[in-house]
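Next come the chains, spelled out residue by residue.
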Amino acid sequence: MPTFQRGHTTIAYTDTGAPEGREDAPVILFAHGLLFSGWMFQHQIEHLRGDYRCVTIDFRGQGNSPRALGGYDMDTLTVDVTELLRHLQIPVVNFVGLSMGGFVGIRLAARRPEIVHTLTLVDTAATAEEPANRSKYKLLSKIYRVAGIGPVRSKVAPIMLAPENVDAPWVDEWLAMVDRTDRAGLVKAIESVADRDPCEDEAVRIIAPTLIMVGESDAATPEVKSRRLEELIATTRFHTISGAGHSSTMENPDEVNTILSAFLSEYNA
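Residues numbered from 1 in each chain as written. Predicted model: local features only at pLDDT ≥ 70, side-chain atom pairs only at ≥ 80, totals over all residues. Heavy atoms only, no water.

## Re the pattern of salt bridges
For clarity, the cut-off: Salt bridge, as used here, is a side-chain nitrogen of Lys or Arg placed within 4 Å of a carboxyl oxygen of Asp or Glu. By definition, any uninterrupted DSSP run of H or I lasting at least four residues is a helix, any uninterrupted run of E lasting at least two residues is a strand, and each is numbered from the N terminus. Relative accessible area decides the class of each residue, using a 1.4 Å probe on protein chains only: under 20% of the type maximum gives buried, over 50% gives exposed, and in between gives partly exposed.
Within the structure shown, the criterion is met by 20 salt bridges. Where Asp-182 meets Arg-67, a salt bridge forms, and the shortest distance between an N and an O atom there is 3.1 Å. Of this pair, Asp-182 sits in the loop between helix H6 (169–180) and helix H7 (183–194) while Arg-67 sits in the loop between strand S4 (53–57) and helix H2 (74–87), placing them 115 residues apart in sequence. In this structure Asp-182 comes out as partly exposed when scored by relative accessible area, which is 31%. Between Glu-202 and Arg-111 there is a salt bridge, with its nearest N and O atoms 2.8 Å apart. Of this pair, Glu-202 sits in helix H8 (residues 200–203) while Arg-111 sits in helix H3 (residues 100–111), and the two are 91 residues apart along the sequence. What makes Glu-202 buried here is its relative accessible area of 9%. A relative accessible area of 36% means that Arg-111 is categorised as partly exposed.

Now the structure itself:
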């Protein structure tokens, strides 16, 4: 997997390149949720790569990006995205962010509107984490750091997945990836998400056309939080994804693909 350097930090990414014969094809930047990597957009990339150049980023300490010395906060991750785009000489993107990726997308779209052509926010929110969740996530992360994912699987899966998906075939592959991740780096990422600042004041400045999707059984960021985004952002479309929890792109990829394709086609004709 290719990487680029931002100071002392190594950040991994993927890039399909432009479709054959379409060097000017629009670009989609996919930004993953906590405990995942660009891997969680595999179905969307397969569906869209014939018409779009598809790029993913693995945030610090997750996926194929190694542990960083510091800077796991949402502001730093937002700059990481802009630096990746500079590295790839990409001036503008259709940004798709899930959960943590959405926290970054909101900030990027508000602060650098010239970069974000469209914004898709999946299973995410502009609010700070609830205090009870913050404590729970930090406790689980401490157990994970000592013992790995096994002892906390039964607690993590219901947060990340709809009940009917906790034993889906791909879940073991995902959790094996989590278990191979540098634990210290991932714990820092978890803590930064848990302690993130709200960004509602930034969401109201977003001018990019915005698609909002949320799993109907999302326990981590329930629909009411996505509805709040709909209130804050001027131009939005809202969809609830059936049979999905907090990881909609993997839980119901067909529905996500249909909705996302239609939205992107409208603004990238």
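## What about the packing of helix H5 (residues 153–160) against H6?
Selection criterion: Axis definition: a line fitted to C-alpha atoms, over the contacting stretch in the case of helices. Angles run 0 to 180 degrees between N-to-C directions. For a crossing to be left-handed, the near helix must be turned anticlockwise from the far one by less than a right angle; the clockwise case is right-handed. When checking whether two residues touch, look at their non-hydrogen atoms; a contact exists if any pair is within 4.5 Å. All amino acids are sorted into three groups, where Ala, Val, Leu, Ile, Met, Phe, Trp, Tyr, Cys and Pro are nonpolar, Asp, Glu, Lys and Arg are charged, and the leftover types, Gly among them, are polar.
At their nearest, the axes of H5 and H6 sit 13 Å apart, and the two run at 115° to each other. The handedness of the crossing between H5 and H6 is right-handed. Along its contact with H5, which presents Arg-153, Val-156 and Met-160, the element H6 presents Val-171, Asp-172, Trp-174 and Leu-175. Within the contact of H5 with H6, the residues separate by chemical class into five nonpolar, no polar and two charged.

## Some words on unusual backbone geometry
You will see that Gln-89, though not glycine, has its phi angle at about 55°, which is positive. Inspection of the secondary structure puts Gln-89 in the loop between H2 and strand S5 (93–98). The phi torsion at Ser-99 lies on the positive side, around 55°, for a residue other than glycine.

## Notes on the nonpolar core
Heads up, the rule is: The nonpolar core is taken to be a set of buried Ala, Val, Leu, Ile, Met, Phe, Trp, Tyr and Cys residues, with the residues joined through side-chain atoms within 4.5 Å.
Formed by 89 residues in total, the largest nonpolar core has its most connected members in Leu-29, Phe-95 and Trp-174. Per-element accounting of this core gives the leading share, seven residues, to H3. Once residues within four sequence positions are removed from consideration, Trp-174 is found in contact with Leu-35, Phe-36, Trp-39, Val-156, Met-160 and Leu-161.

## Re the packing of aromatic side chains
Geometrically, a pair of aromatic rings is defined through the distance of the ring centres and the angle of the planes. Here is the rule: Side-chain rings of Phe, Tyr and Trp, where Trp is taken by its six-membered ring, are said to pair if the distance between their centres is within 6.5 Å; with planes under 30 degrees apart they count as stacked, over 60 as edge-to-face, and otherwise as tilted.
With the rule as written, the count across this model stands at seven aromatic pairs. Seen in terms of ring centroids, Trp-39 and Trp-170 are 6.3 Å apart; in terms of plane orientation they differ by 55°. Their pairing is tilted. On the criterion of sequence distance, the pair formed by Trp-39 in the loop between strand S3 (27–31) and helix H1 (42–48) and Trp-170 in helix H6 is long-range, its members being 131 residues apart. For the pair Trp-39 and Trp-170, a shared accessibility class is recorded, and that class is buried.

## Points about helix H4 (residues 131–147)
Applied cut-off: Each helix should span, by expectation, one fewer than its residue count multiplied by 1.5 Å. The arc in question is formed by the directions pointing from the helix axis toward the C-beta atoms.
Its 17 residues place the ends of H4 25 Å apart at the C-alpha level, agreeing with the 24 Å of an ideal helix rising 1.5 Å per residue. Taken together, the buried positions of H4 are Asn-133, Tyr-137, Leu-140, Ser-141 and Tyr-144. Viewed end-on, H4 has its buried residues packed into an arc of 105°, placing them on one side of the element. Residues Pro-131, Ala-132, Ser-135, Leu-139, Lys-142 and Val-146 are exposed on H4 and point more than 90 degrees away from its buried face. Residues of H4 that are buried in the fold lie against H5, H6 and H7. Just downstream of H4, Gly-148 is the residue with a positive phi angle, here 85°.

## Quick notes on the pairing of strand S7 (residues 210–215)
This is how it is decided: Following DSSP output, two strands are said to pair if at least two bridges run between them. Handedness of a crossover is defined as follows: orient the strands so they point away from the viewer, and if the path from the first strand over the helix to the second runs clockwise, the crossover is right-handed.
Extensive coverage of S7 is indicated by the burial of six of its six residues. Side chains Thr-210, Ile-212 and Val-214 of S7 all project onto a buried face; the interleaved residues Leu-211, Met-213 and Gly-215 project onto the opposite face, where all are buried too. The pairing of S7 with strand S8 (residues 236–241) spans six bridges and is parallel. Opposite Leu-211, over in S8, you have Arg-237 as the bridge partner. Considered for its hand, the β-α-β crossover made up of S7, helix H9 (residues 223–232) and S8 is right-handed.

## Here's the deal with the sheet that holds strand S1 (residues 3–6)
Overall, mixed pairing links the eight strands, which are arranged S1-S2-S4-S3-S5-S6-S7-S8 in an open sheet. With one partner strand each, in any of the chains shown, S1 and S8 form the two edges of the open sheet. Across the sheet, the axes of successive neighbouring strands diverge by a mean angle of 20°, strand direction being ignored. Of the strands in this sheet, strand S6 (116–122), S7 and S8 are in contact with H9, which crosses S8 at around 170°. Here helix H11 (residues 253–267) sits on the sheet and contacts S3, S5, S6, S7 and S8; the angle it forms with S8, its principal contact strand, is near 170°.

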